[in-house]
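As a plain string of letters, each chain reads:
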Amino acid sequence: MNTLAASVTSTGEAVQFWVLGTIAVIGALCTILMKRAVHSALCLAGTMIILAVFYLANGAYFLGVVQIVVYTGAIMMLFLFVVMLVGVTAADSLKETLKGQRWLAAACGLGFGILLIAGIGNASLKNFNGLGAANSAHGGNVEGLAALIFTKYVFAFEITGALLITAAVGAMVLTHRERTERAKTQRELSEQRVREGKHLPPLPAPGVYARHNAVDIAGLLPDGTPSELTVNKTLRDRGQIRDVSTEALDDLKALEQRSEERLGRDKDARDRDGQEAKR
Amino acid sequence: MNPVNYLYLAALLFTIGAAGVLIRRNAIVVFMCVELMLNACNLAFVAFSRMHGNLDGQIIAFFTMVVAAAEVVVGLAIIVSLFRSRHSASVDDASLMKL
Amino acid sequence: MENLIALLVAAPLLGAAVLLCGGRRLDRIGHWLGTLLAAASFVVGAVLFVDMLGKGAEERALHQKLFSWIPVEGFQADIAFQLDQLSMTFVLLITGVGTLIHIYSIGYMEHDERRRRFFGYLNLFLAAMLLLVIADNYLLLYVGWEGVGLASYLLIGFWQHKPSAATAAKKAFLVNRVGDMGLSIAIMLMFTTFGTFAFGPVLGATGETSEGMLTAIGLMLLLAACGKSAQVPLQSWLGDAMEGPTPVSALIHAATMVTAGVYLIVRSGAIFNAAPDAQLAVVIVGAVTLLFGAIVGCAKDDIKKALAGSTMSQIGYMVLAAGLGPIGYAFAIMHLVTHGFFKAGLFLGAGSVMHGMNDEVDMRKYGGLRRYMPITFVTFGLGYLAIIGFPGLSGFWSKDKIIEAAFAYDDGIRGWIFGGVALLGAGITAFYMTRVMIMTFFGEKRWQPAPDPDKDASVEPGIEVTPGEMPHPHESPRSMTIPMIVLAFGSVFAGAFFSIGDRFANWLAPVTQFEHPHPVISVPAITTATMVVLLAGALIAYLMYGHRPVPVTAPRGSLLTRAARRDLLQDDFNHVVLVRGGEHLTRSLVYVDHSLVDGVVNGTAASFGGLSGRLRKLQNGYARSYAVSMFGGTAILIAATLLMRAV
């Protein structure tokens, strides 16, 4: 245990750093380069898990666990939840719309990175004390942290607690929508439907063929055109209806062609056989 | 290996996150990039903690996580309500503060 | 005795207040009240004079402080009077001639329905003029100076329904304002230099002051004198000022107010004595004006304007003498007094002639009047002899002295030049006065029927004139002839009385100092030359106007004559140089204002607007753009930190 947080790194840790560090950078790059938000979120989750491993390697056992539980477990799931809410299939165009933005961003990023790395390189960071003494002072990493949090940092801790509560309330306030009218009962809804005179029965179910009974596929009307009514309103609003009407016709066309080819080959064979028979 | 490499890694990740903030239009991805930057900072703090041989760096990283959690909660709430009202999560669409 | 001094001013001031505020109730007695108060002022002056004669020469100056006017720390101005020999001379002249002209005006303005107001203005003038000459500091003198300017304006424009009179009043006021500016600047310079305005401290401290400052003050005072005394280049208003009623021309624009400039220069003698350059400027102005006025006087057919030219010329003599320093001050004042007598007499005579001739002013339409107006003829004739310097009469004594003093300017060429100019002026004076005399009183009758006042605005209103009626010349009423007779006495005897034994010069000596002039040529030679020039001038005039018939309409005349009829182009000069120049200057200033000043202002605004427009584009509303700026800024901060650490 102590060796992991020693002042001199072991060969194992070096290998682990180079392998996982490369993956973490790739994950970070993928996060900012993936077209779909859900892919970005997954790449970020991977990077965060690797960071958790690095925390552990640096002797921050509590933080490593918290990183996995809080970040990858809670925060990233929250992200995914919102991504789903917004539309999981919506792909962003990576084409830049602001003039010069990408060049400026690249220049700033490069300059910033070079400056940071130069700064770190400049600093005299040769002496690593290691966390062995600090972690064992109170009997372990968690105990050590607890000792600090509830003594030296107790006010900051209390204030972060208040911040969390405020954030929770703020999120509720932001997303909450006050109901301005009473919700209609089922009876009233059915009466309204009768009064309007359309769609007295329940809306038609999505899907036509067994393999396309997903909720985002519109059911086909008798004339072969899709009916949007069969798809959930949320999906309709997001424009996430998959149109399979042409797919089916294409499938049919391909089937006919294939059968015709087969039939034609049979015919040719028959013709050939016939000529041979005459001879 | 020198543990200072963790710091280089943190700087690299931070820069990548910053570039993502500047480049991406999707508010959710921008937000993720902010999280990436915060995580890079946390890595630096943890490395510093090891360097100095005390736990204060880890405490700071811990508080950063708490603040990041609060920030995510509020930020995502804002994104959701933005999406509700504008039917778009693009940060460029919310560009009313100009002439 | 000192307490009487304030009464000098108070009496006419009271008269002015009562007459101007009293309303129509006073119409019947207003002129008597005005005359009475003028006479009262004269009596006070006479009492003070007698009292003064009873004292020794050095103890004659009286002082009276009424109250502190502006009692501010470091800026003390008092209402205080100083009555010395110089002031006393003026007081007697002003109140004496003033009273006579009040009496004359009773008859002259008899038919004017605004006579009460006229007497109110006259009293106002007397009060202001007396204040001017008895003030004991320059600030109070300035009050009187502006007061006479106001009275002059009101009286020139008394017949304000005549556009020419209203314009003339405005012109006089404006031109005087230029001079007044000079006086106010001079007073400011005095305050900054001496810290006070009072005559005593200012004139006593000239020895310790730099000559440059004294020259500046002197030139500003000269400018003031030029404005008030109608000297070149501020002379243009005097001819037009004859639009006022004739008594006004006699009192204000001949005898008293126009001599205020001479008073100012003589009073400030200590300053001029210490500033030779300013003194030279005074002499030059006087010399130029005396020729200028004389030449203008030769060409005018309007009797009053001819006399106005003469006035200008005679004041030129006085200014010339005042510029000569201690050798000339006494003669300047003496000529001023004698001129006050004979010029007032001449104007009153001219008024009497106009009174008898349906207010005709053109001498070409006079002729042969001596039989019809004997008293006017005799008094006018005595004034004529006095002004040309006929031996024994007033003008002879005073003008001759000035010519002598001019020759004594220095031993070199300047003495000859100034003396020569003064001598030449005497000859021209003889010429134009003889011309006036012959054209008015001798020769055949060239009378014309009275013009229609409705058609001709130049007719003086107030006297009923039947259009087309031939004039019936008649002697004026006694209220007009008596002042003329009194003034004629003065014209004849004053000069001799003053001059014999240098009586006048010695009287003034405590105030002005006195030195006997030492001309470049001997005094008898100068006197002889003066006589020769005088006779020549008169003879030429006789040959031109007495020997040949005078045409009723003026001949075209030579170039000089035509120029002189137009006041030697002074108005044209003013119009071209000042009015047009001012317009051009204003226009160019407007142009500069529009193009340069507005350009700078608007350009600044426009450049800021343009800059803001460009800066505004940075505010594109995109959060990512802002983020780039922030990120770039952070990068720069880090770079700066690293650099500072590296250094």
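Going along each chain's sequence as written, the residues are numbered from 1 onward. For naming, the first written chain is A and the first written ligand is 1, with later ones following in the order written. Only residues with pLDDT of at least 70 get local features here, since the model is predicted, and only at 80 or more are side-chain atom pairs given and counted; chain-wide, interface and lining totals rely on the full set of residues. Hydrogens and waters are ignored; side-chain quantities use all the structure's heavy atoms.

A short note on the overall build of chain C
Working step 1: On a plain count of helices and strands, chain C comes out with 24 helices and 2 strands.
Working step 2: Only protein chains enter the calculation, and the probe is 1.4 Å; a residue is then buried if its accessible area is under 20% of its type maximum, exposed if over 50%, and partly exposed in between. Counting every position in chain C, which comprises 647 residues, the buried fraction comes to 56%.
Working step 3: Areas reported here follow the Shrake-Rupley algorithm with a probe of radius 1.4 Å; residue values treat only the protein chains shown as occluding. Accessible area for chain C stands at about 25,900 Å²; split by element, carbon and sulfur atoms hold 67% of it. Strands here mean DSSP runs of E at least two residues long; helices mean DSSP runs of H or I at least four residues long; both are numbered from the N terminus.

Section: the overall build of chain B
Working step 1: For chain B, the helix and strand inventory stands at 3 helices and 0 strands.
Working step 2: The order of helices and strands in chain B, counted from the N terminus, is α-α-α.
Working step 3: Out of the 99 residues in chain B, the part that is buried amounts to 71%.
Working step 4: Two residues form a contact once any of their heavy atoms are found within 4.5 Å. For chain B, long-range pairs separated by at least 24 residues make up 56% of all intrachain contacts whose partners lie at least 6 apart in sequence.
Working step 5: Just so you have it, chain B exposes about 3,100 Å², and 72% of that area is on carbon and sulfur atoms.

Remarks on the interface of chain A and chain C
Working step 1: Contact with chain A, which involves 11 residues of that partner, is made by 11 residues of chain C.
Working step 2: In this assembly, chain A packs against chain C so that about 1,000 Å² is buried in total across both faces, 78% of it on carbon and sulfur atoms.
Working step 3: For any pair of parts, buried area is found by adding up, for both, the accessible area (1.4 Å probe) each one loses once the two are put together. Among the residues of chain A in contact with chain C, A:L98, A:F112 and A:L115 are the three that bury the most area, contributing 50% of the side total.
Working step 4: Salt bridges are identified by distance alone: a Lys or Arg side-chain nitrogen within 4 Å of an Asp or Glu carboxyl oxygen. If you look at where chain A meets chain C, you find 0 salt bridges.
Working step 5: In protein, a polar contact requires one atom able to donate a hydrogen and another able to accept it; more generally it is a pair of N or O atoms within 3.5 Å, and residues adjacent in sequence count only if both atoms are side-chain atoms. At the boundary of chain A and chain C, one finds 1 residue pair in polar contact (both at pLDDT 80 or more).
Working step 6: Under the scheme applied, nonpolar residues are Ala, Val, Leu, Ile, Met, Phe, Trp, Tyr, Cys and Pro; charged residues are Asp, Glu, Lys and Arg; polar residues are all the others, including Gly. The residue makeup of the side of chain A that touches chain C, split by class, is 6 nonpolar, 4 polar and 1 charged.

Here we look at the UniProt feature "transmembrane region" (unreviewed entry) in chain B
Residue and element names in this part refer to chain B.
Working step 1: UniProt positions are given in the numbering used here, feature names are shortened, and annotations may be inferred rather than shown by experiment. Per the UniProt record, "transmembrane region" (unreviewed entry) is annotated on residues 6-23, 28-48 and 60-83.
Working step 2: Structurally, residues 6-23 comprises 100% helix and 0% strand, and the distance from its first C-alpha atom to its last is 25 Å.
Working step 3: The span residues 28-48 carries 100% helix and 0% strand; its end-to-end C-alpha distance comes to 30 Å.

Things to note about the packing of aromatic side chains
Residue and element names in this part refer to chain C.
Working step 1: By convention, a stacked pair of Phe, Tyr or Trp rings (six-membered ring in the case of Trp) has centres within 6.5 Å and planes under 30 degrees apart, an edge-to-face pair has planes over 60 apart, and any other such pair is tilted. Tallying each qualifying case throughout the model produces 35 aromatic pairs over all chains.
Working step 2: When the centroid spacing of 5.5 Å and the interplanar angle of 80° are considered together, the rings of F49 and W507 count as edge-to-face. Here F49 is found in helix 2 (residues 30-53), whereas its partner W507 is found in helix 20 (residues 503-512), with 458 residues between them in sequence.
Working step 3: F49 gets classed as partly exposed once you look at its relative accessible area, which sits at 24%.
Working step 4: Ring geometry for Y104 versus Y108: centroids 5.8 Å apart, planes at 20°, classification stacked. Pair noted here: Y104 and Y108 are both in helix 3 (residues 85-108), with a separation of 4 residues, about one helical turn. Side by side, Y104 and Y108 carry an identical accessibility label, which is buried.
Working step 5: Through a chain of ring-to-ring contacts, three or more aromatic side chains come together here, namely F118, F119, Y121, F158 and W159.
Working step 6: Should the NZ of a Lys or the CZ of an Arg lie within 6 Å of a ring centre and within 35 degrees of the ring normal, that charge is described as sitting over the ring. Here R114 stacks its cationic end above the ring of F158, 4.5 Å away from the centre of that ring.
Working step 7: The lysine or arginine in question, R503, covers the ring of F497, its NZ or CZ lying 4.4 Å from the ring centre.

Topic: the nonpolar core
All names here are of chain C.
Working step 1: Only buried residues count toward a nonpolar core, which is a set of Ala, Val, Leu, Ile, Met, Phe, Trp, Tyr and Cys residues joined through side-chain atoms within 4.5 Å. Judged by nonpolar contacts, the single largest core of 192 residues is most densely connected at L83 and Y138.
Working step 2: A per-element tally of this core places helix 15 (residues 329-356) first, with 16 residues.
Working step 3: What L83 contacts, discounting residues up to four positions off in sequence, is I5, L8, L48, M52, R60, A61, L62, M88, V91 and I134.

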